[in-house]
Number of protein chains: 2
Amino acid sequence: MDTGFDLREHGGVDVFLRDCPTRAVLELIAGKWTMLVLVALEDGRPMRFAELRRRLDGVTAKVLTGTLRALEREGLLTRAVYPTVPPRVEYRLTALGREVGGLLQGITDWAQANVAAVVAAREEFDERAARPPAAVE
Amino acid sequence: MDTGFDLREHGGVDVFLRDCPTRAVLELIAGKWTMLVLVALEDGRPMRFAELRRRLDGVTAKVLTGTLRALEREGLLTRAVYPTVPPRVEYRLTALGREVGGLLQGITDWAQANVAAVVAAREEFDERAARPPAAVE
DNA sequence: CGGCATCCACCTAGATACTG
DNA sequence: CAGTATCTAGGTGGATGCCG
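Worth saying up front: this structure is predicted, and the values here are computed from it rather than measured.

A. Up close: the protein's contact with DNA strand C. Neighbouring DNA strand C are 17 residues, the closest being A:T65, A:R69, A:R79, A:Y91 and B:K62. For DNA strand C, the backbone makes up 69% of the atoms found within 4 Å of the protein, where backbone means sugar plus phosphate. At a separation of 3.0 Å, a phosphate oxygen of DNA strand C approaches a polar backbone atom of A:A50. One of the side-chain N or O atoms of A:Y91 is found 2.6 Å from a phosphate oxygen in DNA strand C. At the level of secondary structure, the elements contributing two or more residues to the surface near DNA strand C comprise helix 3 (49–55), helix 4 (61–73) and strand 3 (88–93) of chain A together with helix 4 (61–73) of chain B. In terms of residues, the surface near DNA strand C owes the most to one element, helix 4 of chain A, which gives three residues. In terms of residue class, the surface near DNA strand C is built from nine nonpolar, two polar and six charged.

Written out as structure tokens, the structure reads:
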């Protein structure tokens, strides 16, 4: 899939540029479940499909499969199939994946630490919007 | 908007739980343009609407507006309107926003540094998938 | 157990046109 | 300049059912 974007023509890469492949990387992370998968596996311990499914409260099998495939494709995790019966499939991060996982964990940690402030800001914003714009300063 | 989720019932918060408000924070970041807005403003310098629009190659006015509103609502940035003519609107991150911005810059930096490895992994994966599954070793 | 196939509802983002 | 209004297409995610 050639996007017509040549790195060498750009003296480096820039996430802000529309056709730069880094955009694809960002959009991958932007997936609704990607961040949670990466954080769940971040400690290096491999996890089975069902285990991930349980951990990511609310994810469906289809979507989890898709997310895992996408991450495997980008080289962020590996999928190991043990042809036992019943089948056993383990997912674990690659070195590359562990790097992003660490960064993303920073984000989730921040979210957990600051959720109260965010919720408060949201409520204040909504209240402000609901009130009739009384006086203009 | 009460989701029925009470922080006090959960001895803390957990991004992995379905109705935890931290999920909303994560999904905000998951927006296609959110990350770029936050990183663009991360250095603290305020930017005008048109300036952001130019920086985020490919974004439309409508979507940028929506993204900025959402971030303002969560308390991550402020919107200052100067009633001059022509109008002048400046966006800048709040303290909270600067924190996330910094973390997200880590992600974009990583993406820019490792895009080659990711693209390579992707190509190898696709090639593997295209080939007839020769031997089942 | 760990999927894949199918169908569907939503919603986001994009294009376009118009306004204070 | 900095939006808003409207319409639409495509994709993402969700529910269900079947298979190796």
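B. The nonpolar core, seen in detail. By size, the foremost hydrophobic cluster in this structure holds 66 residues, and its most contacted members are A:L56, A:L104, B:L56 and B:L104. In this view, A:L104 contacts A:I29, A:M35, A:L38, A:V39 and B:I107; residues no more than four positions away in its chain are not counted.

C. Structural context of the protein's contact with DNA strand D. Of all residues adjacent to DNA strand D, which total 18 residues, the nearest are A:K62, B:R48, B:T65, B:R79 and B:Y91. Contacts to DNA strand D include B:R48, whose side-chain N or O atom sits 2.8 Å from a phosphate oxygen. In this structure, a phosphate oxygen belonging to DNA strand D sits 3.0 Å away from a side-chain N or O atom of B:R69. Residue assignment for the surface near DNA strand D shows that the elements contributing at least two residues are helix 4 of chain A together with helix 3 (49–55), helix 4 and strand 3 (88–93) of chain B. For the surface near DNA strand D, the class distribution of residues is nine nonpolar, two polar and seven charged.

Rules used throughout
- Residues numbered from 1 in each chain as written.
- Chains lettered and ligands numbered in written order.
- Predicted model: local features only at pLDDT ≥ 70, side-chain atom pairs only at ≥ 80, totals over all residues.
- Heavy atoms only, no water.
- Near = heavy atom within 4 Å.
- Polar contact = N/O pair within 3.5 Å; in protein donor to acceptor, adjacent residues only side chain to side chain.
- Helix = DSSP H or I, 4+ residues; strand = E, 2+ residues; numbered from the N terminus.
- Nonpolar A, V, L, I, M, F, W, Y, C, P; charged D, E, K, R; others polar.
- Core = buried A, V, L, I, M, F, W, Y, C linked by side-chain atoms within 4.5 Å.
- Buried < 20%, exposed > 50% of the residue type's maximum accessible area, 1.4 Å probe, protein only.
- Contact = heavy atoms within 4.5 Å.

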